[in-house]
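# Residue-level structural notes
Below are the chains, spelled out letter by letter.
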Amino acid sequence: MKEELTKRIVEEVIRRLQQSPHDEACIPIGVSARHCHLKEKDLEFLFGKGYQLTKKADLSQPGQFAANETVIIAGPKGSIERVRVLGPLRKETQVEASQTDAIKLGLKPPIRESGDLEGSSPVTIIGPNGSLFLEKGLIIAQAHIHMSPDQALQFSVADGEYVAVEVGHLIRPIRYERVQIRVSSKYILEMHIDTDEANAGLIVSGQTGKLVKRDAEEVR
C-alpha cells in the first residue's frame, strides 16, 4: 500500500514537471496607481532648469523606475497630491489615473493605450517650480499585458490583440475583458490594471490570472 502511494506521488510529480509552464496561461498581475510621465521640457518647467529625476525604486519592466519626485494634478473640481513621476523621460507628458481619480478632479479622460493622447482630457500639473496646464494628456490606461516575442508565441497572441483574463479569486472571481497585448523584446510578462479594476476583484500585485483567447465575434 505504501509503495503504491509512493509510486502515485512520483508519477504526479513527473506529470507536473512535464507540463508546459503556460498550460494554464498564468499571467502575473501588477496594480498600477495614478502616475505621471514627463518630457524633458516639462520636467524642467516644473522642477527647475537642468533638473534630473532621481530613482526611488525599479519597476517590473526593465529600465522603468519610480522617481522620488511627485507632482499635484488638478482639475475643475479638485486636486490630488503626491502623484508619483515615473522614469525615464518620455517624448510627451502624460498622466494616468483611475475613474475614481477623474471624478475627484472633475474630468472625463478616455480609456486609452499609453501614448495615445489625441483627444484625451486636459489636466493641470503642479510642481515645486511652476504650474503646467495641458490641453490633452490625462487618460485612464487600457488594461494590458506586457510580454516578449517568445512569450507571445507561447501564448499564441499578437501585438495589439485583445484577450480576456480570468482571476479565480475565492471571494470575488472576476474576468477582465479587452485586455490589450503589448509585445516587445524589452518587456517581461506582466498584466497591468489600475486601482479601480483591482479593487473590483480584490486584486493585489503578485496575483495571477488566466489568459483566455477571444474569438472574432467577441472582439467585434
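Above this text is the structure in question.
Each value, and the rule that gives it
Residues numbered from 1 in each chain as written. Predicted model: local features only at pLDDT ≥ 70, side-chain atom pairs only at ≥ 80, totals over all residues. Heavy atoms only, no water. Salt bridge = Lys/Arg side-chain N within 4 Å of Asp/Glu carboxyl O. Buried < 20%, exposed > 50% of the residue type's maximum accessible area, 1.4 Å probe, protein only. Phe/Tyr/Trp six-rings, centres within 6.5 Å; stacked < 30°, edge-to-face > 60°. Lys NZ or Arg CZ within 6 Å of the ring centre and 35° of its normal. Helix = DSSP H or I, 4+ residues; strand = E, 2+ residues; numbered from the N terminus. Patch = residues over 30% accessible without salt bridge, like charges linked within 9 Å, V, L, I, M, F, W, Y side chains within 5 Å. Areas by Shrake-Rupley, 256 points an atom, 1.4 Å probe, with all protein chains shown as cover. Pairing = 2+ DSSP bridges. Axes fitted to C-alpha atoms, helices over the stretch in contact; angles between N-to-C directions.

### Description of the pattern of salt bridges
In this structure the tally under the stated criterion is nine salt bridges. Arginine 175 is paired through a salt bridge with glutamate 177; the nearest N and O atoms lie 2.6 Å apart. For arginine 175, a relative accessible area of 32% corresponds to the partly exposed category. What you see here is one network of salt bridges that share partners, running through Glu166, Arg175 and Glu177.

### A few points about the packing of aromatic side chains
Aromatic ring pairs: the centre-centre distance and the angle between the two ring planes describe each pair. Per the counting criterion, the structure on display carries one aromatic pair. Look at phenylalanine 47 and tyrosine 51: their rings are 5.1 Å apart centre to centre, the planes differ by 25 degrees, and that puts the pair in the stacked class. For phenylalanine 47, a relative accessible area of 11% puts it in the buried group. Over the face of the ring belonging to tyrosine 162 we find arginine 178, whose NZ or CZ atom lies 4.0 Å from the ring centre.

### Thoughts on unusual backbone geometry
Residues glycine 87 and proline 88 are joined by a peptide bond in cis, for which omega reads 5 degrees. For proline 88, the location among the structural elements is in the loop between strand 5 (79-87) and strand 6 (94-96). For arginine 82, which is not glycine, the phi torsion reads 55 degrees and is therefore positive. Residue placement: arginine 82 occurs in strand 5. Located in the positive-phi region is leucine 202, a residue other than glycine, with phi close to 55 degrees.

### Considering a nonpolar patch on the surface
Together, Leu170, Ile171 and Leu202 make up a nonpolar patch on the protein surface, roughly 390 Å² of accessible area in all. Of note, leucine 170 is situated in the loop between strand 11 (162-167) and strand 12 (174-183). In this structure leucine 170 comes out as exposed when scored by relative accessible area, which is 87%.

### Here's the deal with the sheet that holds strand 1 (residues 26-32)
Across a sheet, paired strands are connected by hydrogen bonds in the backbone, their directions being either parallel or antiparallel. Read around the closed barrel, the six strands follow the order 1-13-10-12-11-14; overall the barrel is mixed. Each adjacent strand pair in this sheet contributes to an overall mean axis angle of 40 degrees, direction not counted.

### What to know about the environment of leucine 211
Of note, leucine 211 is situated in strand 14 (residues 208-213). When its relative accessible area of 7% is taken as the criterion, leucine 211 is described as buried. Residues leucine 211 and valine 163, spaced 48 residues apart in sequence, show a C-alpha to C-alpha distance of 6.9 Å.

### Some details on the pairing of strand 13 (residues 190-194)
Of all five residues making up strand 13, five are buried, and the element is well covered by its neighbours. Of the two faces of strand 13, the one lined by Glu190, His192 and Asp194 and the one lined by Met191 and Ile193 are each fully buried. For strand 1 and strand 13, the ladder comprises four bridges, and the chain directions are parallel. Considered in strand 13, the bridge of valine 31 is made with isoleucine 193. Note: strand 10 (residues 144-147) against strand 13, three bridges, orientation antiparallel. Paired with histidine 146 across the two strands is glutamate 190, which belongs to strand 13.

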